[in-house]
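An overview of the molecular structure
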Amino acid sequence: MKFHWFAQQYYTKLPADFGETVHSSWVTPPISVADPQQVGEDYHLYIRLMQQADTLGWDSLLLNEHHQTTLAMTPSPNLIASVLAATTENAAIALCGNSLALYNPPVRVAEEIAMLDCLSGGRIIAGIVFGTPMDTAFSYGVPPIELRERFHEARELITRAWTAQEPFAFNGKYTQLRYVNTWPRPIQDELPVWIPGSGSPETWDVVNALDYCYGYLSFSGKQSAAPIVGGFWDYTASQSANMNPNRMAFTQIICCADSEKEAEEQYADAVKYFYRQNPTGLEFATPPGYNTLPSIRANLERARTQSAEERTKAARGELSFWEYDELGYIIAGTPERVEQRVRELATELRIGQLITCMHVGDLPEQVAMRNNELFGTQVIPKLRDVWADEEDRWTPRVSQERVAAKFGANAGLPAA
Amino acid sequence: MTTLEIPHVGAFDVDVWEQGSGEPLLYLHGYERHPGGAGFLTRLAADRRVLAPEQPGWGRSTGFEAFVDVHDVALFHRELVASWGVDRIDVVGHSLGGMFAAELAVLAPQLVRRLVLVDAFGLWLDDEPALDPFGPAAEVAAAKWHGTPPEREPSNFVADPDDPHAAILFSARNLGSATKFMWPIADRGLRRRLPLVHAPTLVVHGASDGLLPVSYAHEFARLIPDARLEVLPEAGHYPQIEQEDAFVSVVSEFLTARDAS
């Protein structure tokens, strides 16, 4: 299996009572809480941690796109990706991803991804996302009812723009271009595409038809994700589509330490900070038109594996450190325990691409570095056997080869 | 269901509430839902033929996907009226239906005899930003009404004993469709076209509409060449519900007045 290094690029110095007093940490958080100098220092922290991960055997360094929020100050994943493309060697760079419907013309995204692929020597994973309601409908003003259609039109445009041999005209409903001729073009003949989602059957249809990698990116862990991830595999099996576990990406917060006692001491505050400092206004999370009617129905009918009380307590930072662990929000403890828990997660949910969230909230840099070191040297090598014989067309060839060359035959490439 | 096919646009199945006989009146409902056979509609139908289609994208009416923009909606209404064999009609549009009614009057001046705009969306005033109709639910609910909200808002929704989620899906579909024309700001350029409205127009507005301040009604009345404004006291976004008598009275009076021409 593969490991993708990730951190939600949180603002690390929020006032202690921010989560209790702010209406929403998304769309309308007061800008007065953020010092731009500190934001700059936070960016450097995340870049240093990703550069370290590149030397420890991660398969990619993963970035996301969010807008107007304290919890992910990455309005463009491509900007930090460009720093990494120029300063790392082995790992792929996973853009997960660009919110296609927000850019007009969307060829800007095609250009930037191609540019990054050139700059990184062919190490780009081109994740594309619908974007959360907070990002797309509220921060960027896209009518929610149009979001999916805009996304798919843009997807068709950019995937064609990456490969067309001649300039072409594109007469779409939302984008019209007389001369599409994207410069530069990616190094990779076929960029790996990931489309994360939140359980909409329409998205499953698209990723299955195009054999893309699906992703379920939540911070609620195994227990609450199981119905959606399981739902995807049941649906995929029913369509006789590709059951390769490398078509599933999943986010998991990791808290590695030398002992369980140290894990709690070192991570408990940061985990609570992560969960309690990001209340989202209900109206910003549920605009009409964002989900299709079949998705709403599927969601209403989907089994709940967690009580409403547990979810509310989790969001308020009111669970104990080990309750977060038990429910799967985090996987914490010694490398041995973490390995065993990740193995369980990856095999039970059929996950080939694990997005490891190695820094949370206001975690001190030294703790995150130690987390990287322990997981990179004592956990990743032991988990390379999971799904080892499955082909992986969803991470770049170049990064697979480089990671394998540097970190051993079991890393990167599948066993012969 | 009325089936309508417009070449190069699309096919539509439309649920039309119809009552009464005499001069025809087209009623276009607001962004939330079709009011069903609400009191004010039945009373308007006492001495005229009221045709109140449920618009594509709302309730059971289909074909919404064919709309690229608000001009397609106006074209749809023009063709729908033509399909009834009607060549001149009074039009009353409420809320988002007011935007559609005004666009229809611009696109088909020969068709629209008299126009009534009730708490209509379609304009934006920088000096008085209107509340986000998709904002916090409690805030929006409070803004809509002058007094206490009615126990049950007039609706054409029919519960389905076999589908416990029907009400949620009904509302999700209606409001989702509304975002096409109202998100993020309910301004699709109508200001530039209102001076082209030929029909004598009555602008009706609830004095306490918290979604659209009265200044928006003044702006409609200012931009439409032959328009009169009637502000109804003690009414919010639904004056036809909260002040049914006053509403029916001013609208009937306006519709039956002799044409000046």
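It should be noted that the structure appears before, not after, this text.
Along each chain, residue indices are assigned from 1 in the same order as the chain's sequence is written. To read the labels, note that chains go from A and ligands from 1, taken in the order they are written. Given that the model is predicted, a residue must reach a pLDDT of at least 70 before its local features are reported, and side-chain atom pairs must reach 80 or more before they are shown or counted; all residues, however, enter totals for whole chains, interfaces and linings. Side-chain measures here rest on the full set of heavy atoms in the structure, leaving out hydrogens and waters.

1. Here's the deal with the sheet that holds strand β7 (residues 112-118) of chain B
All names here are of chain B.
- Strand order across the open sheet formed by seven strands is β3-β5-β4-β6-β7-β8-β9, with mixed pairing between neighbours. Of all the strands in the sheet, the pair left with one neighbour each is β3 (16-19) and β9 (227-232). Averaged over all pairs of adjacent strands, the angle between their axes in this sheet comes to 15 degrees, without regard to strand direction.
- Where strand β4 (residues 24-28) and strand β5 (residues 49-53) come together, three bridges link them in parallel fashion. Within the sheet, the bridge partner assigned to L25 lies in β5 and is V50.
- Contacts are assigned to residue pairs with any non-hydrogen atoms lying within 4.5 Å of each other. Think of each axis as a best-fit line through the C-alpha atoms, taken over the contacting stretch in the case of a helix, with angles from 0 to 180 degrees between the N-to-C directions. Under the scheme used here, helices are H or I runs from DSSP no shorter than 4 residues and strands are E runs no shorter than 2 residues, and both carry numbers assigned from the N terminus. Helix α7 (residues 214-223) rests against β7, β8 (201-206) and β9 of the sheet, and its axis sits at about 175 degrees to β8.
- Strands β4, β6 (89-94), β7, β8 and β9 of the sheet are contacted by helix α9 (residues 244-256), whose axis makes an angle of about 155 degrees with β7. Between any two strands, pairing holds if DSSP finds at least two bridges.

2. Thoughts on the interface of chain A and chain B
- With 19 residues of chain A at the interface, the matching set in chain B holds 22 residues.
- Defined here as a combined quantity, buried area equals the accessible surface (1.4 Å probe) lost by two parts on assembly, summed across both. Each partner contributes to the roughly 1,600 Å² buried at the junction of chain A and chain B, and carbon and sulfur atoms together form 70% of this total.
- Throughout this description, the term salt bridge denotes a Lys or Arg side-chain nitrogen within 4 Å of a carboxyl oxygen of Asp or Glu. Here chain A is connected to chain B by two salt bridges.
- Among the ionic pairs, E146 of chain A bridges to K180 of chain B, the shortest N-O distance being 2.9 Å.
- We define a polar contact as two N or O atoms separated by no more than 3.5 Å, with the added condition that, inside protein, one atom must be a possible hydrogen donor and the other a possible acceptor, whereas residues neighbouring each other in sequence contribute only through side-chain atom pairs. For the interface between chain A and chain B, the tally reads five residue pairs in polar contact (both at pLDDT 80 or more).
- When contributions to the side of chain A that touches chain B are tallied by element, the ones reaching two or more residues are α5 (133-139), α6 (144-163) and α11 (293-301) of chain A.
- Ranked by residue count, the leading element in the side of chain A that touches chain B is α11 of chain A, at five residues.

3. Notes on the pairing of β7 of chain B
All names here are of chain B.
- For the exposure calls, accessible area comes from a 1.4 Å probe over protein chains only, and a residue counts as buried if that area is under 20% of its type's maximum, exposed if over 50%, partly exposed in between. For β7, the tally of buried residues reaches seven of seven residues, placing the bulk of the element in the interior.
- With five bridges connecting them, β6 and β7 associate as parallel partners. The partner of I89 across the bridge, within β7, is V112.
- For the segment spanning β6, helix α3 (residues 96-107) and β7, crossover handedness is right-handed.
- Here β7 pairs with β8 via four bridges, running parallel. Within β8, the position partnered with V116 by the bridge is L202. Crossover handedness is defined by viewing with both strands directed away from the observer: a clockwise path from the first strand over the helix to the second marks the crossover as right-handed.

The analysis is restricted to geometry; functional conclusions fall outside its scope.
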